[in-house]
Amino acid sequence: MLITQLKSKESIESLAVGKVVIINCHGCKEVYFPEHQADELQKELSDNKEVIQIITTDYICNPDNLKLQLKKHMDKINLADTILVFSCGVGIQTVAAQFEDKKVYSCCDTYQLPGFQGVTPLNVDCGQCGECYLNGTGGICPITACSKSLINGQCGGAKNGMCEVDKDMECGWERIYRKLEKLNKLDNMKYDAPKVRNFGNSKPE
Ligand code: SF4
Ligand code: SF4
């Protein structure tokens, strides 16, 4: 089982730039999703920001299902500057991969709970780290796309774009770099100080 918690209201508000489309996933029963809090927050966002569509659907972790579910909303999605996703880390990564040119942001942190992890066609994976980093990495998870789960950028060991630990795997941080370049967000890679992962965050409050 896993659990999602909303990021702070301030951080979600700061992500809602320009025309905003919101996607909620109410799919897995194995994932606790804070539906009521999300609903309240999205009402406030609609009052204060330019929210042009709120979509509530299921199993956005399945790329084919996601495409199908969003088909009727594509006119609004094409207009959007920002897509805010309220789901577990797998769902957010799937949306970010499907809309490569859009700014796709995570509004939730995903934590691990023991037990059944749900059934998803895992094109991507979430390590349920409790402090979702996807908003700084163009929607690519540094915990699972990098063999060392680095959060401050590349280790320097990649050769020809491939990971030094797993030579069959593309370096996750090179993928993140290319994605940020595409989004014109390379500034995300300039840190004032290194980030320190708080392993105490791996459990919900
Ligand atoms: S950064 Fe990765 S592991 Fe952490 S919550 Fe986000 S998707 Fe999951
Ligand atoms: S080569 Fe890339 S993916 Fe592999 S450990 Fe280093 S930064 Fe991570």
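Bear in mind the structure is a predicted one, so any value in this text is a computation, not a measurement.

## Observations concerning the site of ligand 1
Line of reasoning, step 1. Every residue close to ligand 1 is listed here: Gly-89, Gln-93, Thr-110, Cys-126, Gly-127, Gln-128, Cys-129, Cys-132, Tyr-133, Leu-134, Cys-141 and Ile-143.
Line of reasoning, step 2. A class-by-class count of the residues in the shell around ligand 1 yields seven nonpolar, five polar and no charged.

## Re the site of ligand 2
Line of reasoning, step 1. What surrounds ligand 2 is the set Cys-146, Ser-147, Lys-148, Leu-150, Gln-154, Cys-155, Ala-158, Cys-163, Glu-164, Cys-171, Gly-172 and Trp-173.
Line of reasoning, step 2. Classifying every residue of the shell around ligand 2 gives seven nonpolar, three polar and two charged.

## Regarding the domain arrangement of the chain
Line of reasoning, step 1. Splitting the chain by domain gives domain 1 (2-134) and domain 2 (145-193).
Line of reasoning, step 2. Look at where the C-alpha atoms of domain 1 and domain 2 centre, and you get two points 23 Å apart.
Line of reasoning, step 3. Each side of the interface is counted separately: domain 1 has seven residues, and domain 2 has five residues.
Line of reasoning, step 4. Approximately 560 Å² of surface area, both sides summed, lies buried where domain 1 meets domain 2, with 53% of it carried by carbon and sulfur atoms.
Line of reasoning, step 5. A per-residue breakdown of the area domain 1 buries against domain 2 is headed by Glu-100, Lys-103 and Tyr-133, which together make up 63% of the total.
Line of reasoning, step 6. In this structure, the connection of domain 1 to domain 2 is made through one salt bridge.
Line of reasoning, step 7. For Glu-100, the salt bridge is made with Lys-182, and the minimal N-O distance between the two is 3.2 Å.

## Focus: the pairing of strand 5 (residues 82-86)
Line of reasoning, step 1. Of all five residues making up strand 5, five are buried, and the element is well covered by its neighbours.
Line of reasoning, step 2. Neither face of strand 5 is exposed, since Thr-82, Leu-84 and Phe-86 on one face and Ile-83 and Val-85 on the opposite face are all buried.
Line of reasoning, step 3. Here strand 2 (residues 19-25) runs beside strand 5; their pairing, made up of five bridges, is parallel. For Asn-24, the partnering residue across the bridge sits in strand 5 and is Phe-86.
Line of reasoning, step 4. Across four bridges, strand 5 lies against strand 6 (residues 103-106) in parallel orientation. Bridging from a neighbouring strand, Leu-84 pairs with Tyr-105 of strand 6.
Line of reasoning, step 5. Viewed along the sheet, the connection from strand 5 through helix 5 (residues 89-98) into strand 6 turns out right-handed.

## A closer look at the pattern of salt bridges
Line of reasoning, step 1. For the structure shown, the criterion picks out nine salt bridges.
Line of reasoning, step 2. Among the ionic pairs, Glu-50 bridges to Lys-19, the shortest N-O distance being 3.9 Å. Highlighted residues: Glu-50 in strand 4 (residues 50-57) and Lys-19 in strand 2, separated in sequence by 31 residues.
Line of reasoning, step 3. Look at the salt bridges and you will find they share partners, linking Asp-39, Glu-40 and Lys-43 into a network.

## A look at the side chain of Lys-102
Line of reasoning, step 1. With respect to the secondary-structure elements, Lys-102 resides in the loop between helix 5 and strand 6.
Line of reasoning, step 2. Here Lys-102 occupies a buried position and makes no salt bridge, while the nearest side chain of opposite charge, Asp-81, is found at 6.4 Å.
Line of reasoning, step 3. A distance of 3.0 Å separates a polar side-chain atom of Lys-102 from the backbone oxygen of Asn-78.
Line of reasoning, step 4. Not counting residues within four places of it along the chain, the set of residues in contact with Lys-102 comprises Ile-77, Asn-78, Leu-79, Ala-80, Ile-83 and Leu-183.

## Considerations on the environment of Arg-197
Line of reasoning, step 1. Its location among the elements puts Arg-197 in the segment after helix 7 (172-182).
Line of reasoning, step 2. For the pair Arg-197 and Lys-71, spaced 126 residues apart in sequence, the C-alpha separation works out to 38 Å.
Line of reasoning, step 3. Apart from the residues within four sequence positions on either side, Arg-197 is in contact with Cys-129, Tyr-133, Ile-143, Ser-149 and Ile-151.

Rules behind the numbers
Residues numbered from 1 in each chain as written. Chains lettered and ligands numbered in written order. Predicted model: local features only at pLDDT ≥ 70, side-chain atom pairs only at ≥ 80, totals over all residues. Heavy atoms only, no water. Near = heavy atom within 4 Å. Nonpolar A, V, L, I, M, F, W, Y, C, P; charged D, E, K, R; others polar. Domains from an automatic or database assignment. Contact = heavy atoms within 4.5 Å. Buried area = accessible area lost by both parts, 1.4 Å probe. Salt bridge = Lys/Arg side-chain N within 4 Å of Asp/Glu carboxyl O. Buried < 20%, exposed > 50% of the residue type's maximum accessible area, 1.4 Å probe, protein only. Helix = DSSP H or I, 4+ residues; strand = E, 2+ residues; numbered from the N terminus. Pairing = 2+ DSSP bridges. Right-handed = clockwise from strand over helix to strand, strands pointing away. Lys, Arg positive; Asp, Glu negative; His and termini not counted. Polar contact = N/O pair within 3.5 Å; in protein donor to acceptor, adjacent residues only side chain to side chain.

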